[in-house]
Each structure stands twice: as C-alpha cells, then as structure tokens.
Amino acid sequence: MTGHDHESRIGELLNRMTVEEKFGQLQQLAWAWDTGPGGGDTEAAEAAARKGLLGSVLNVVGAGASNALQRIAVEESRLGIPLVFGLDVIHGYHTTFPVPLAQAAAFDPAVTAKDAEVSAREARSNGVHWTFSPMMDVTREPRWGRIAESTGEDPYLTTAYAMAKVRGYQGDDLTAPDRIAACAKHFVAYGGAEGGRDYNTVDVSEQRLRNLYLPPFRAAVGAGAATVMAGFNTISGIPAHAHPHTLTDILKEEWGFDGVVVSDWTGVLELIAHGAAAHEAEAARRSLTAGVDMEMVSTTFADHGRDLLASGALTRERLDDAVARVLRLKLRLGLFESPYVAESAALTAPSAESRAAAREVAGRCVVLLKNDDGLLPLDTSGPRALAVVGPFADSGDLLGTWTLPGAPEAVPVLAGLRAALPDTDIRHAAGVSPEGLDTSGIAEAVAVAEAADAVVLVVGEPPALSGEAAARSELGLPGAQEQLVRAVAGTGTPCVVVLVGGRPLTIGTWADRVPAIVMAWHPGIEAGHAVADVLTGAVVPGGKLPVTFPRTVGQVPLYHNHERTGRPYDPAAPGTKYVSRYLDLDAGPEFVFGHGLSYTTFALDEPRLSRERIGVTELRAGATVEVAVPVRNTGGREGDEVVQLYLQDPAATIAQPVRRLCGFRRVRLAPGEERQVRFTLGADDIGYWTDDPAGEFIVEPGELHLHTGNSSRTRARRTLLIT
Ligand code: NOJ
C-alpha cells in the first residue's frame, strides 16, 4: 500500500468512527506484566479492546498473549481496528546487548544497528510492533541513572547513533516480519535534569535546545522514526507533555513529522503534579493541544475528551489529526493486513548467531582506561595462576538496565576466563558483595590474590543502581568495594581492574594503585566471554569514552564541549586567582571524552584540508571542505583507532563551545599500516542555531580551528577561513 492509499483509508475510517472510538485510538494501556506507578491491568485492556476503545497496549510479552489480545480487537470490536503493541526493547529482547552508553563507547554506529536488527527480529516474531527506543537524550549528568540508556554527552555522537538505531529497527519496510517501529525519546531535554535527579526541572535556552538537545531528534525524524515520546521534564517552566513550541511548532511543523507522539507513562496526568493543570480535563487539554497524540496508561484523553470537544477547548481537526497519526502508524506496520504473528515462528531464545553478535559488540565497547607497563593483554603462555576476584567476578547480573522478563543472565567473567584459559589455574573469591558493608571476605580475596601470578578484580555498580529513577549522589564504588580494591592492590600481585557500570564512576582515590583498568560497562548477555576476549588479547580494545569521567562528584557537570568563560583556567598558570576553577582540586577530569587506549600504538599526522578558505554563500549552496588525517599503526599488533575531528569557533555572535565533535571514524590497521581518514565538513557542521524561537541557523564568517586526535585532548590544529 502506498502513502496515498494510507491517507484515503484513514479518511474512510475517520468517517466511520464515533467520538469515543476516536479517543479510544489515542489510548494506550499496560498489560499486567508491569506493575509500576499506575500499574498494568490486563482485564481493563481486554475490555477496552472489545469495545473498540483502545489503540495500543504496552508490555505484552509473548506471541500467544499478543495474538489473543489482538483477536479481541480485530474480531470483537465494531470496526476491527488492530492494536499496536509496544515494549521497551532498549538493548535487546532475548539477546541483551551492552547498555546504550557502552555501545556509544564503540564509536561505531554499526554496533547499535546490529543490536537494533537482532532486537527487531526477536521482538516482532513475538508480536511486538513498536519499541520505545532509541533514547537520544544528550546528558552531562553522570548522577542521572538514565545516562546508561543514553549515548553520552555529545550531540554529534548521539545523532549518529540515533540515526543508525532507527534504521536498524525499521529497515525500509515496517510491514516486514523482522522490523519494528522506533520511538525517538524523550522529547526533549530530559537529559538536562537538574542535579541529575530523575524527572527534575530543565531550564534551557532556545539556542542550547537547538544546538545540544534537538539535533539527534531532528536526525531521527529525518531517518524516518515512526514515533516520538514526550519527556517527563519541564522545558523552561512548561512540562514537555504540554509544550506546543517543541511538540508542534518544531517537531510537527518545522520538521514535518507525521508520526505519533506518545506520552510517557502517566505523563499527561502528571501535569497536575507538575503544577501545570488543576485537574484531569485541563491536563488532557494542555497535552492534546500541545501535540501529544497518544496517552500511555493514564486515561485523561478518553475520560475528558468528549467534553473538551463539546466546549470547543479541543478542535475536531486536532482530534482527527491525532487519530490519523495512530492509524497511519498501524497502516505503515501493515497491521490491517497482518494483525497476527505466526506463533510457531516466534523466536524464544538467543540464537548462536545473535550471541556471537552480542559478544563481538561487547568487545568493541570495552575502553582500556589505563595499562601501565603493558600488563594487558594477560600473559597466557605456560601454566599460570590467575585470581579472579570481586563482587562481579562470578556474577550474571551484568545485563544492565532494561531487560525483559525471562532474558537469560549474562555469562560471568569467571566463566568467560575459564573458557578462554582452560590450562590456567583460576581461583575465585568475591571478597565483598556489590553494595554491602561486610568486609569479612576481604581476607580470603587477598589470600587468593597473593597466591596468583596476576589478579583480575571485577568491581563496579550493579544494574539496579543505573537506569530510570536510579540517580546517585556519589559516583564511587558502592559498599565496601573500594576497601577490597585497596587490599587486593596492596598484595603487589599485578592487578587488572575490570569496571562494570552504567555511568562514569569516580575512581581517583584508587586508580593509581593498580596498573590496568578496563571499562567494561554493563556488557550484556555475553559479558564474560567479551571481557575474556579483551583480557587475553583475542580482541584488542578500541573503545573510547562517550562521557567525561570526573575525578570527584563535586566537579559535575564536567563535559568536553563546555562554553567558554571570560576567565578560563590556564593549566600553564595553575596558581592564578579569579579564574574558573575549584580551589580545592586541580582542574580537569580523570579521563577526558574520547579517551581510550589500545594494545598497539598509533600516530596521527597533521590534518590536511582540501581548501583553506570557503565562502558562507558557497557553504550554504552545499560546498564542503575535506579534512584528511593520516593515521598509522606504529605498534606490533593489529588494532583499532578512533580518529576524532573537533571544531572550534573562537569568535561568534553566540559564544561557542571550546570544541565540538564534528567527525569520528574507527579504523582497523595492521602493524605498520597507514590510512587516510577523510571527513567532509559542510554548513551543517560549521554553523549553529541562534536563540531565535523561529529557528535560525547561521554560518558566520571568521576563523575556524580544526583539531584532530585520538581523544578530545587533541594535538594537531588547522585554520579554516570562512569568508
Ligand atoms: C517510563 C520511561 O521514561 C520510558 O522511557 C518508557 O518507555 C516508559 N516508562 C514505558 O515503560
């Protein structure tokens, strides 16, 4: 069916629908699996489906359950309009990939496309049509638990991942049996929650909105994202669920988005708690007229819509537009033709191929933070004794936030190392629990470490401490883990710390006591094998940090693309007063954005520009500048380097960040091999959005500084003159 056919079918249906049936299409209810605030209610969903008063259901798990409910809607309701089934398939359905923040560390959007393809195949075969992913909330807040679901602090990196994931889920044809509709969330600026406390206030200027938070959404919509979810936050005083400027002016009018805007879970009703509506009818009015099309879990649209229409507070055009968007989604998914899923073809477990993909991806996400004296990869020659200690060493709790009921546990690191090193004498002691304060097991861990040739110490934060509503005020290792690190490091046995977690952790109090640190994040189902691959050298780490690692929580927010100040700190004059710094702490983070080591070494030469000046008019007409960066593997092993390009505009009408990432490429090079990495810069990369609410994107004349390097601590610099 073509888009034209869809529109005429929508018109016919709208003509036949009652007002109640129209509001019914705007209602999404939850299946009983989820008992969060508002809860799921299977019977209510079935009853509403039977009456034709339900558009969508979330959290139905399993092909049989989804078919049974779909049969009620299609065969028992007056118009037989199929339901669309949504689910939070965030980084896997059966096959759990690393958390999105980890995936960002691969600096390779192909990894997220892979996750999306595997997830879509598994989910659709089980009757899921629609995932509430990808989340593309740029965030500078490691305290915020949902940083784990994000792709970090950089809008350029986030944009690249958002587009790849949307395409990975949706492919070219949403009717295909292995594709699902994506949802760009949370619209918008949810990642700016003050203090990192979830759901908290966001006060943001138009220029920051447009330069920092909106770009990934704009790109996702451009890539065809079928749906968008409103955020729980306020945007400069107005809740995102009642924000016409972003939902309608920008998303629907400026960008031409014709898909569905779904509320977040009870997000419409929460306008009352926000202090933005006196009662449910007002919440429904504000949200619908601002541009929300479908209400998740709360029922204010369905309960008050008819009255709003009768009083003129809601126009028939707006109602029909919202219904048309929901019907369009269902038509795009082919649900009218194929409402059911083939139960016999439902995928019920990860396949060998999907596990292999998850293992490869997890390996690509690992970031080697530190490797003094080349301790890694581990020396695996000859019979050796290895201690594998720490609360996460023998843990399957490494999937990360957002996993589905019944998803298989992760392979523990201990099991991964035993499989990789069958001839090594591997001994284990947990030492402490992930969050407990009992230190009585530390002595055993120390004894195991003392008796070994090397120690792998697996510490970090459990998945329960990251994700939604999991803000932390401290970013160190929870419980007594730090004591364990000090004690094990004190044995003198060469020690590799494998860090697990869903956010940057502060490790400055112990990092200098151990020679090697590997950031493994929450690596997903194949965790143990992927970590073993890296520790043994079967995989050479090549990931880079998609977020700055602060030294103390007091430095937060600390991010690479910060604005300039009139009194910047100058590392060459550390004692200077009246500059932007802390008195009680040296400036700078523990690890910068883009940092990550390898088992080999690379040399990046000076970048070369295809031209050294270019006119604003030319740029606006589509002209580009090419930047070529020669990169050479100078070490003894094959490995990956991520070549990074940053831009700095030293004098602009709106002061620009000290650097903006505007290109990255991960390349694999054999020893001695050299490659030219090429980037193309156009007006989109060079210009910026002003504070104009109507949306003004400008390219200004002047000097631009281009920096290249293998982290955000860049070396080489070239000047491009914009005339
Ligand atoms: C609340 C979360 O904010 C959102 O991301 C998620 O998709 C919904 N719950 C549905 O579970």
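Note that the structure is predicted; figures quoted are calculated from it, not measured. (Residues numbered from 1 in each chain as written. Predicted model: local features only at pLDDT ≥ 70, side-chain atom pairs only at ≥ 80, totals over all residues. Heavy atoms only, no water.)

A word on the overall build of the protein
Argument step 1. In terms of helices and strands, the protein carries 21 helices and 27 strands.
Argument step 2. The C-alpha extent of the protein, read off along each of the three principal axes, is 75 × 60 × 45 Å.
Argument step 3. In the protein, of all internal contacts separated by at least 6 residues, the share reaching a separation of at least 24 is 79%.
Argument step 4. Total accessible area computed for the protein in this model is approximately 25,800 Å², and 48% of it derives from carbon and sulfur atoms.
Argument step 5. Distance from the positive charge centre (65 side chains) to the negative charge centre (90 side chains) of the protein: 4 Å. (Helix = DSSP H or I, 4+ residues; strand = E, 2+ residues; numbered from the N terminus. Contact = heavy atoms within 4.5 Å. Areas by Shrake-Rupley, 256 points an atom, 1.4 Å probe, with all protein chains shown as cover. Lys, Arg positive; Asp, Glu negative; His and termini not counted. Charge placed at Lys NZ, Arg CZ, Asp CG, Glu CD.)

Here's the deal with the domain arrangement of the protein
Argument step 1. By the assigned domains, the protein splits into domain 1 (1–85 + 263–340), domain 2 (88–166 + 180–235), domain 3 (352–555) and domain 4 (602–722).
Argument step 2. Between domain 1 and domain 3, the C-alpha centre-to-centre distance is 45 Å. (Domains from an automatic or database assignment.)

Some thoughts on the site of the ligand
Argument step 1. Neighbouring the ligand are 13 residues; Asp88, Arg146, Lys185, His186 and Asp264 lie closest to it.
Argument step 2. At a separation of 2.7 Å, an oxygen atom of the ligand approaches a polar side-chain atom of Lys185.
Argument step 3. Here the shell around the ligand is built from residues that sort into seven nonpolar, one polar and five charged.
Argument step 4. If you count residues domain by domain, the shell around the ligand takes at least three from each of domain 1 (1–85 + 263–340) and domain 2 (88–166 + 180–235). (Near = heavy atom within 4 Å. Polar contact = N/O pair within 3.5 Å; in protein donor to acceptor, adjacent residues only side chain to side chain. Nonpolar A, V, L, I, M, F, W, Y, C, P; charged D, E, K, R; others polar.)

Focus: the sheet that holds strand S16 (residues 516–519)
Argument step 1. Spatially, six strands are ordered S11-S16-S15-S14-S12-S13 in an open sheet, and the strand pairing comes out mixed. This sheet does not close on itself; its edge strands, each paired only once, are strand S11 (367–371) and strand S13 (425–429). Strand after strand, the sheet turns through a mean of 15 degrees between neighbouring axes, direction not considered.
Argument step 2. Alignment of strand S14 (residues 454–460) against strand S15 (residues 495–500), held across six bridges, turns out to be parallel. Within S15, the position partnered with Leu457 by the bridge is Val497. (Pairing = 2+ DSSP bridges. Axes fitted to C-alpha atoms, helices over the stretch in contact; angles between N-to-C directions.)

Re the environment of Arg143
Argument step 1. Counting through the fold element by element, Arg143 comes out in the loop between strand S4 (130–131) and helix H7 (155–170).
Argument step 2. Each C-alpha atom of the pair Arg143 and Gly363 lies 26 Å from the other, and the pair is 220 residues apart in sequence.
Argument step 3. Residues within four places of Arg143 in sequence aside, it is in contact with Gly195, Gly196, Ala470, Ala471, Arg472, Leu475, Arg503, Val553 and Val556.
Argument step 4. Among the polar contacts listed, one links the side chain of Arg143 to the side chain of Glu141, at a separation of 2.6 Å.

A word on the nonpolar core
Argument step 1. Membership of the largest hydrophobic core comes to 94 residues, with the highest contact counts inside it found for Leu369, Leu417, Leu499, Trp521 and Leu535.
Argument step 2. Beyond its immediate chain neighbours, meaning those up to four positions away, Trp521 contacts Leu101, Ala102, Ala105, Cys365, Val367, Leu499, Val500, Gly501, Leu545, Pro546, Val547 and Phe549.
Argument step 3. Membership of the second largest hydrophobic core comes to 93 residues, among which are Ala189, Phe232, Trp265 and Ala283. (Core = buried A, V, L, I, M, F, W, Y, C linked by side-chain atoms within 4.5 Å. Buried < 20%, exposed > 50% of the residue type's maximum accessible area, 1.4 Å probe, protein only.)

Things to note about helix H9 (residues 215–222)
Argument step 1. Among the residues of H9, those classed as buried are Pro216, Phe217, Ala219, Ala220 and Val221.
Argument step 2. On its buried face, H9 is in contact with H7, strand S5 (183–187), helix H8 (206–213), strand S6 (227–230) and helix H10 (244–254).
Argument step 3. Looking at the residues trailing H9, positive phi occurs at Gly224, about 100 degrees.

Comments concerning the packing of aromatic side chains
Argument step 1. If you walk through the whole model with that rule in mind, you get twelve aromatic pairs.
Argument step 2. When the centroid spacing of 5.2 Å and the interplanar angle of 85 degrees are considered together, the rings of Tyr199 and Phe232 count as edge-to-face. With Tyr199 in the loop between S5 and H8 and Phe232 in the loop between S6 and strand S7 (234–235), the pair connects residues that are 33 residues apart, well separated along the chain.
Argument step 3. For Phe232, a relative accessible area of 6% puts it in the buried group.
Argument step 4. Aromatic rings pair up to connect Phe107, Tyr156, Phe593 and Phe664 into one cluster.
Argument step 5. Seen from the ring of Tyr340, Arg71 lies directly overhead, with NZ or CZ sitting 5.0 Å from the centre. (Phe/Tyr/Trp six-rings, centres within 6.5 Å; stacked < 30°, edge-to-face > 60°. Lys NZ or Arg CZ within 6 Å of the ring centre and 35° of its normal.)

Let's talk about unusual backbone geometry
Argument step 1. Cis rather than trans, the peptide bond between Lys185 and His186 has omega equal to 0 degrees.
Argument step 2. By the secondary structure assignment, His186 is in strand S5.
Argument step 3. Following Val556, the chain continues into Pro557 via a peptide bond in cis, with omega recorded as 0 degrees.
Argument step 4. Its place among the elements puts Pro557 in the loop between helix H19 (527–536) and strand S17 (602–604).
Argument step 5. Even without a glycine there, the phi angle at Ser236 is positive, about 50 degrees.

A short note on the packing of helix H6 (residues 109–125) against H7
Two quantities define a packed helix pair, namely the angle between the axes and the distance from one axis to the other.
Argument step 1. It is at 7 Å that the axes of H6 and H7 come closest, and there the two elements cross at 25 degrees. One way to sum up the angle between H6 and H7 is to call them roughly parallel. In this structure, H6 meets H7 at a crossing whose hand is right-handed. Residue-level inspection shows Pro109, Val111, Thr112, Ala113, Asp115, Ala116, Glu117, Ser119 and Ala120 of H6 in contact with H7, the latter providing Ala160, Tyr161, Ala164, Lys165, Gly168 and Tyr169.
Argument step 2. When grouped by side-chain class, the residues that make up the contact of H6 with H7 number nine nonpolar, three polar and three charged. (Parallel < 35°, antiparallel > 145°, perpendicular 65-115°, else oblique. Left-handed = near helix turned anticlockwise from the far one by under 90°.)

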